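Structural overview
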Number of protein chains: 2
Amino acid sequence: MIRSVLCDILGIEKPIFQGGMAWIADARLAAAVSEAGGLGLISSINADVRAEIRHARELTRKPFGVNIMLAAPNAAEVAEIVVEEGVSVVTTGAGSPAPYMERWLQAGIRVIPVIASVSYAIKMQQLGATAVIAEGAESGGHVGDIHTLALVPQVVDAVDIPVLAAGGIADGRGAAAAFMLGACGVQVGTRFLVADECRVHDVYKERILKASDIGTIVTGKSLGDAVRSLKTPFSKQFAKMEADPTVSDDELRAFGTGSLKKAVFDGDLAGGSFLAGEVAGLVSRRESAAAIVNDIMDGAEKCLSQAKELLYES
Amino acid sequence: MIRSVLCDILGIEKPIFQGGMAWIADARLAAAVSEAGGLGLISSINADVRAEIRHARELTRKPFGVNIMLAAPNAAEVAEIVVEEGVSVVTTGAGSPAPYMERWLQAGIRVIPVIASVSYAIKMQQLGATAVIAEGAESGGHVGDIHTLALVPQVVDAVDIPVLAAGGIADGRGAAAAFMLGACGVQVGTRFLVADECRVHDVYKERILKASDIGTIVTGKSLGDAVRSLKTPFSKQFAKMEADPTVSDDELRAFGTGSLKKAVFDGDLAGGSFLAGEVAGLVSRRESAAAIVNDIMDGAEKCLSQAKELLYES
């Protein structure tokens, strides 16, 4: 097993989080990951977050968390729900958790923000965050400007709290690499898209399984809202419109509205945004969430236990 | 010491290459890296490549190589010079080495192309490459579409020849991470910019030392020529012009012409392109090339030798 302070703090067995993907990360997926020893996360972007939390609790007695997308209109509402429902871990993204920190900390909630820069990591430590998830722009969905291999050591040098690595990790090799960078845990999103317990449409799963190394694209940068997704008719069209000076920002936003749901629930290649990270090309089989957790953590253990064999006495 | 097949093949002590940076990587820098046990590389973009090769040979008896930028007008000329001068290793970038492979292989030259995708790695193996350098887009200078943490394992899975990792590596942690991903060596560029033996202008060195984690920007994507550099008045102006539909591609290209030389030799912040990778924020001190080589490799050894301490018996 991998020794990590994260396990002691959160009462989990394996230092791996499943990313709280909007419209995707529901009770079933989160509970399956937590049951396997990791930390499952329910997204605040779900039809009924309270119902998902209660459902997850029926499925597992192990800890799980809620990822709150702070830029979403329901952020304040979900911020209160997690307190009322006694959720033990909250991860945050797309904004500052400052307005809610006092309330959460008083309720004994562990707050672990997703950050994409050193300065933001320092701010989160000052606010009382338990840890931070340093997410490189290899990840699917909303992305920052710097990538995991360069970001993680810079964040580790800048803060005293534990750092998890996210973005670009889909197997034991990536997780072992993250530990070498000084991370004490990893967050994985893309690989869980093909988990048996994951709700995404079959077309979405098939596209992930077939993706090549250069199968993703970042769009929306001109809107200040850069997002990584699979190359599909929709994302290519979005990129084309984005490069076209005759298309206004409002038109572009309108074109993108609702596109994630169209991918997740309808598998709509022409209208859906199939969010995915650069590691989609490493994902090659459908299996249970537990099998994914175990493959990543067993693989990382194997890499770390054999690391010394790369050395010899000079 | 780190055990690597690369050392046996190339007759070097330490599996680290210094990137063959245009206008920057000259005899003095390359020889210093080779003297320290790594593989120094002279760029084909130098005033007199033959003179640089001969000068390096005066400075070291250890192996060094030449990086040939295949898109440059002098590529065919330099391709012949390396044969005539008996250079033992050639790395290539920005194009296919196919036209020169037979000649080089007959001359006993080890050819190690820089690649940015799985398909290109496979092509290079088919052409007879000794190894490939899988370079993620964290790197300075010309960049591809995928980043090191995601790229390296996908390339390792796809080819049978050794794979080096480049992009996002500036210290022992990054190098150890690369080995976990399955790489058998690393190539480092940005950190050598501040080496005592590096010819870049003092302003260039100062800017690297002061760079933050989000201190770089990618420009030129619209021209099919994406390049990562420090955020400076020049690169910000370039980005602004690139986003402006009234600026033609020809105007944009003209604005960029000669900008690397202006950075390297003049330290010209308004007109120079200060190429640098995302790891610029990790570079904090001037020292000799040998000290850099040793710090990276000793740091990697330390990380790898302590990896097992991250594990416990369950």
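Calculation rules
- Residues numbered from 1 in each chain as written.
- Chains lettered and ligands numbered in written order.
- Predicted model: local features only at pLDDT ≥ 70, side-chain atom pairs only at ≥ 80, totals over all residues.
- Helix = DSSP H or I, 4+ residues; strand = E, 2+ residues; numbered from the N terminus.
- Rg over C-alpha atoms; globule rule 2.2 N^0.38 Å.
- Buried ≥ 20, exposed ≤ 12 C-beta atoms within 10 Å, placed from the backbone.
- Contact = placed C-beta atoms within 7 Å.
- Nonpolar A, V, L, I, M, F, W, Y, C, P; charged D, E, K, R; others polar.
- Least-squares fit on C-alpha atoms with pLDDT ≥ 70 in both.
- Core = buried A, V, L, I, M, F, W, Y, C linked by C-beta atoms within 7 Å.
- Pairing = 2+ DSSP bridges.
- Axes fitted to C-alpha atoms, helices over the stretch in contact; angles between N-to-C directions.
- Left-handed = near helix turned anticlockwise from the far one by under 90°.
- Domains from an automatic or database assignment.

What follows deals with the overall build of chain A. For chain A, the count of helices and strands is 13 helices and 11 strands. Over its C-alpha atoms chain A spans a radius of gyration of 19 Å, differing by no more than 12% from the 20 Å that the globule rule assigns to 314 residues. Once the C-alpha set of chain A is aligned to its principal axes, its extents read approximately 60 × 55 × 40 Å. Across the 314 residues of chain A, 57% fall into the buried class. In chain A, of all internal contacts separated by at least 6 residues, the share reaching a separation of at least 24 is 60%.

The subject of this paragraph is the interface of chain A and chain B. Interface size is often expressed as the accessible area that is lost when the parts come together. On the chain B side, the residues contacting the 44 residues of chain A number 44 residues. Elements supplying a minimum of two residues to the side of chain A that touches chain B: α7 (148–158), α8 (172–180) and α13 (289–306) of chain A. Tallied by class, residues from the side of chain A that touches chain B come to 24 nonpolar, 11 polar and nine charged.

All names here are of chain A. You can see Ala131 is positioned in the loop between α6 (118–127) and β6 (132–135). When the C-alpha positions of Ala131 and Val111 are compared, they lie 7.2 Å apart, and in sequence the two are 20 residues distant. If we skip the residues at most four places from it in the chain, Ala131 touches Leu6, Ile112, Ile161, Pro162, Val163 and Leu164.

Let us look at the relation of the copies chain A and chain B. In summary, the two copies of the chain are related to each other by a rotation about an axis coupled with a shift along it. The two copies are related by a screw motion: chain A maps onto chain B through a turn of 180° and a shift of 0.0 Å along the axis, at an RMSD of 0.0 Å. Given the turn and translation reported, the copies of this chain are related as if by a two-fold rotation axis. Closest to the rotation axis within chain A is the C-alpha of Ala177 of chain A, separated from it by 2.0 Å. When the interface residues of chain A are mapped onto chain B, 100% of them again fall at the interface, so both copies present the same face.

Most of α7 of chain A sits inside the fold, with nine of its 11 residues counted as buried. Next to the buried residues of α7 of chain A lie α6, β6, β8 (163–166) and α8 of chain A together with α7 (148–158) and α8 (172–180) of chain B.

Moving on, we come to the nonpolar core. Residues Val132 and Ala134 of chain A together with Val132 and Ala134 of chain B are the most contacted members of the largest nonpolar core, which totals 220 residues. Filtering out sequence-adjacent residues up to four positions away, Ala134 of chain A remains in contact with Ile115, Ala121, Leu151, Val152, Val155, Val163, Leu164, Ala165 and Ala166 of chain A.

A separate point is the sheet that holds strand β1 (residues 16–18) of chain B. Residues and elements named next belong to chain B. Pairing is parallel in the open sheet, where eight strands are placed in the order β1-β9-β8-β6-β5-β4-β3-β2. Of all strands in the sheet, those bounded by a partner on one side alone are β1 and β2 (40–43). In this sheet, adjacent strand axes meet at a mean angle of 25° when their direction is disregarded. As judged from the four bridges shared by strand β4 (residues 89–93) and strand β5 (residues 110–115), these two strands associate in the parallel manner. Paired with Thr92 across the two strands is Pro113, which belongs to β5. In the packing of helix α2 (residues 27–35) onto the sheet, contacts are made with β1, β2 and β3 (64–69), and the angle to β2 comes to roughly 165°. Packed onto the sheet, helix α4 (residues 75–84) meets β3 and β4 and runs at close to 160° relative to β3.

Turning our eyes to something else, we now look at the sheet that holds strand β11 (residues 227–230) of chain B. Residue and element names in this part refer to chain B. Sheet architecture is open: three strands sit in the order β7-β11-β10, paired in antiparallel fashion. With one partner strand each, in any of the chains shown, β7 (141–142) and β10 (216–219) form the two edges of the open sheet. Pairing of β10 with β11, which is carried by four bridges, proceeds in the antiparallel orientation. Bridge assignment links Thr219 to a residue of β11, and that residue is Val227. Set on the sheet, helix α10 (residues 233–243) makes contact with β10 and β11; between it and β10 the angle comes to about 35°.

A word on the packing of helix α2 (residues 27–35) of chain A against helix α3 (residues 49–59) of chain A. All names here are of chain A. One can describe the packing of α2 onto α3 by two numbers: an axis separation of 9 Å at closest approach and a directional angle of 35°. Relative to α3, the crossing made by α2 is right-handed. Between α2 and α3, the residues in contact are Ala27, Arg28, Ala30 and Ala31 and Glu52, His55, Ala56 and Leu59, respectively.

Residue and element names in this part refer to chain A. Examined at the domain level, chain A breaks down into domain 1 (5–197 + 288–310) and domain 2 (202–278). Here the C-alpha centroids of domain 1 and domain 2 sit 24 Å apart. Contact residues are listed per partner, giving 15 residues for domain 1 and 16 residues for domain 2.

Attention shifts here to the packing of α6 of chain A against α7 of chain A. Two numbers describe a pair of packed helices, the interaxial angle and the distance between the axes. Residues and elements named next belong to chain A. The contact between α6 and α7 brings their axes to 9 Å, and the two run at 40°. The chirality of how α6 crosses α7 is right-handed. For the pair α6 and α7, contact is made by Val118, Ala121 and Ile122 and by Gln154, Val155 and Ala158, respectively.

Assignment of secondary structure puts Asp249 of chain B in helix α11 (residues 249–256). The sequence separation of Asp249 of chain B and Lys231 of chain B amounts to 18 residues, and the corresponding C-alpha distance is 21 Å.

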